[in-house]
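Each chain, written out:
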Amino acid sequence: MEMTTKTRSKSSQQRVKKIISYVVMSIIGIVLLIPLLWMVFTSLKPMEEIVRYPPTFFPEEINLGNYLETINAFPFWQYAKNTLFITVLVVFGNVLSNSFIAYGFAKLAFPGKNLIFALVLSTMMIPGFVTMIPQYVLFSKIGWVGTYLPLIVPAFFGNAFNIFLMRQFYLSVNNELIEAAKIDGANYLYIWSHLMIPLTKPALITIAINSFNGAWNDFLGPLLYIQNQEKYTLQIGLQVFQNQSTTQWNYLMAGATLVLLPTILLFFLAQRSFIEGMDLTGGSKG
């Protein structure tokens, strides 16, 4: 009887802790969502309501025409096509290069592997602004400034964090599977492409999502290297649109919402795999 009472007391305490944690996380989530909701609601308001004092959070009059006006105000679809072109290649390059490099660090034996891996990880401590000027000088000397190549090609040479993430997942794959594949006559390339990649899909999806967000929302890279207005990305296009005349906040917020929409949809569609992919402990596979 006493054990039953203790058990019920523990379960009720755990239930209360869960409820409190859910309430706290919900409050934090709502607070973090306020700027996003403000942007969306502002994009639906007429300009007269935006400049009104005191300001209103919810739109009194929903004006979906702001989105159409924004799309027609500058070459939105051309810039969207340019951004998508860069983003797709960057995602492909990151998934391909990081998974391939990580496979070597996780499952192949070669002299100095640990030292090289430590050097790769140490590059994460170098701020991007330190390498910005040397990279620009290099790309300028080889004639890449003014093209998309400086934005795309580096993705095919790996990223320290992504390599670390993929290596953790590869280490969780049982070596017996690899040995069995070798006995069947499979080479390293076949093992990587047909065995390792299918077993580490969550990590690959995580890399793809992070790469998509980085390339789609990149402002500084296109600002540095793209000089032709026809090659502008959406981020540069929005900045040019803002500077053309007096800022129309309803149009600007509508453009920002349209640019942000693919990122939000991608995360919601792949959030389960994204969360699994961020589990650096991996988990035994095979």
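The rules behind each value
- Residues numbered from 1 in each chain as written.
- Predicted model: local features only at pLDDT ≥ 70, side-chain atom pairs only at ≥ 80, totals over all residues.
- Heavy atoms only, no water.
- Helix = DSSP H or I, 4+ residues; strand = E, 2+ residues; numbered from the N terminus.
- Buried < 20%, exposed > 50% of the residue type's maximum accessible area, 1.4 Å probe, protein only.
- Contact = heavy atoms within 4.5 Å.
- Areas by Shrake-Rupley, 256 points an atom, 1.4 Å probe, with all protein chains shown as cover.
- Lys, Arg positive; Asp, Glu negative; His and termini not counted.
- Charge placed at Lys NZ, Arg CZ, Asp CG, Glu CD.
- Axes fitted to C-alpha atoms, helices over the stretch in contact; angles between N-to-C directions.
- Left-handed = near helix turned anticlockwise from the far one by under 90°.
- Nonpolar A, V, L, I, M, F, W, Y, C, P; charged D, E, K, R; others polar.
- pLDDT = per-residue confidence, 0-100.
- Expected span 1.5 Å × (residues − 1).
- Arc of directions from axis to C-beta.
- Polar contact = N/O pair within 3.5 Å; in protein donor to acceptor, adjacent residues only side chain to side chain.
- Phe/Tyr/Trp six-rings, centres within 6.5 Å; stacked < 30°, edge-to-face > 60°.
- Lys NZ or Arg CZ within 6 Å of the ring centre and 35° of its normal.
- Salt bridge = Lys/Arg side-chain N within 4 Å of Asp/Glu carboxyl O.
- Parallel < 35°, antiparallel > 145°, perpendicular 65-115°, else oblique.
- Core = buried A, V, L, I, M, F, W, Y, C linked by side-chain atoms within 4.5 Å.

**Quick word on the overall build of the protein**
Then, number 1: Along its length, the protein carries 15 helices and 0 strands.
Then, number 2: Across the 286 residues in the protein, those meeting the buried criterion constitute 34%.
Then, number 3: Within the protein, residue pairs in contact and separated by at least 24 positions form 74% of the contacts whose partners lie at least 6 positions apart.
Then, number 4: Here the protein has roughly 17,500 Å² of accessible surface; of this, 68% comes from carbon and sulfur atoms.
Then, number 5: Charged side chains in the protein number 18 positive and 13 negative. The centres of these two groups are separated by 12 Å.

**Digging into the packing of helix 9 (residues 175-183) against helix 10 (residues 188-199)**
Then, number 1: Their axes nearest at 11 Å, the elements helix 9 and helix 10 cross at an angle of 140 degrees. Every pair of crossing elements has a handedness; the one defined by helix 9 and helix 10 is right-handed. On helix 10, the residues that touch Leu177, Ile178, Ala181 and Lys182 of helix 9 are Tyr188, Ile191, Leu195, Met196 and Leu199.
Then, number 2: Tallied by class, residues from the contact of helix 9 with helix 10 come to 8 nonpolar, no polar and 1 charged.

**Thoughts on the confidence of the model for the protein**
Then, number 1: Per-residue confidence for the protein gives a mean pLDDT of 85; residues scoring 70 or more make up 90%.
Then, number 2: Mean pLDDT across the secondary structure elements of the protein bottoms out at helix 15 (residues 271-277), with 64, and peaks at helix 7 (residues 149-152), with 94.

**Some thoughts on helix 10**
An α-helix turns once every 3.6 residues. As a result, residues three or four positions apart point the same way.
Then, number 1: In a regular helix each residue adds 1.5 Å, so 12 residues correspond to 16 Å; helix 10 covers 15 Å between its end C-alpha atoms and thus fits that length.
Then, number 2: Three or more residues of helix 10 are buried, namely Ile191, Trp192 and Met196. One face of helix 10 carries all of its buried residues, which in axial projection span an arc of 95 degrees.
Then, number 3: The inward-facing, buried residues of helix 10 abut helix 4 (76-107), helix 8 (160-171) and helix 9.
Then, number 4: One side-chain oxygen of the residue at the start of helix 10 lies 3.3 Å from the amide nitrogen of Leu189, identifying that residue as Asn187.

**Some thoughts on the packing of aromatic side chains**
Think of a pair of aromatic rings as described by two things: how far the centres are apart, and how the planes are tilted against each other in angle.
Then, number 1: According to the stated counting rule, one finds 19 aromatic pairs in the structure shown.
Then, number 2: By the ring-pair criterion, three or more aromatic residues cluster together here, those being Phe74, Phe76, Trp77, Tyr79, Tyr232 and Phe241.
Then, number 3: Residue placement shows Lys45 over the ring face of Trp38; its charged tip is 5.1 Å from the ring centre.
Then, number 4: The positively charged end of Arg167 is found above the aromatic ring belonging to Phe117, 4.3 Å away from the centroid.

**Observations concerning the side chain of Lys107**
Then, number 1: In this fold, Lys107 is placed in helix 4.
Then, number 2: The side chain of Lys107 is buried and forms no salt bridge, while Glu176, the nearest opposite charge, is found at 7.9 Å.
Then, number 3: A distance of 2.8 Å separates a polar atom in the side chain of Lys107 from the backbone oxygen of Val173.
Then, number 4: Side chain to side chain, Lys107 and Asn175 meet in a polar contact 2.7 Å long.
Then, number 5: Not counting the four nearest positions on each side in its chain, Lys107 is found in contact with Tyr170, Leu171, Val173, Asn175, Ile178 and Met196.

**Some thoughts on the packing of helix 8 against helix 11 (residues 201-216)**
Then, number 1: Interaxial distance between helix 8 and helix 11 falls to 9 Å at its minimum, and their mutual angle equals 170 degrees. Taken together, helix 8 and helix 11 sit at an angle that is classed as roughly antiparallel. Packed against helix 8, whose contacting residues are Asn162, Leu165, Met166 and Phe169, the element helix 11 presents Pro202, Ala203, Leu204, Thr206 and Ile207 at the interface.
Then, number 2: Of the residues that constitute the contact of helix 8 with helix 11, the class distribution is 7 nonpolar, 2 polar and no charged.

**What to know about the pattern of salt bridges**
Then, number 1: For the structure on display, the rule yields 1 salt bridge.
Then, number 2: A salt bridge links Glu60 to Arg52, with the shortest nitrogen-to-oxygen separation between them at 3.0 Å.
Then, number 3: A relative accessible area of 56% places Glu60 in the exposed class.
Then, number 4: Exposure remark for Arg52: the relative accessible area of 37% places this residue in the partly exposed category.

**Overview of the nonpolar core**
Then, number 1: Counting 27 residues, the largest nonpolar core has Phe74, Ile86, Tyr148, Leu151 and Leu234 as the members making the most contacts within it.
Then, number 2: Looking at this core element by element, the count peaks at 6 residues for helix 4.
Then, number 3: Apart from the residues lying within four places of it in its own chain, the contact partners of Phe74 are Tyr79, Gly237, Leu238 and Phe241.
Then, number 4: In terms of nonpolar packing, the next biggest core, distinct from the first, is built from 20 residues, Leu165, Tyr170, Val173 and Trp192 among them.

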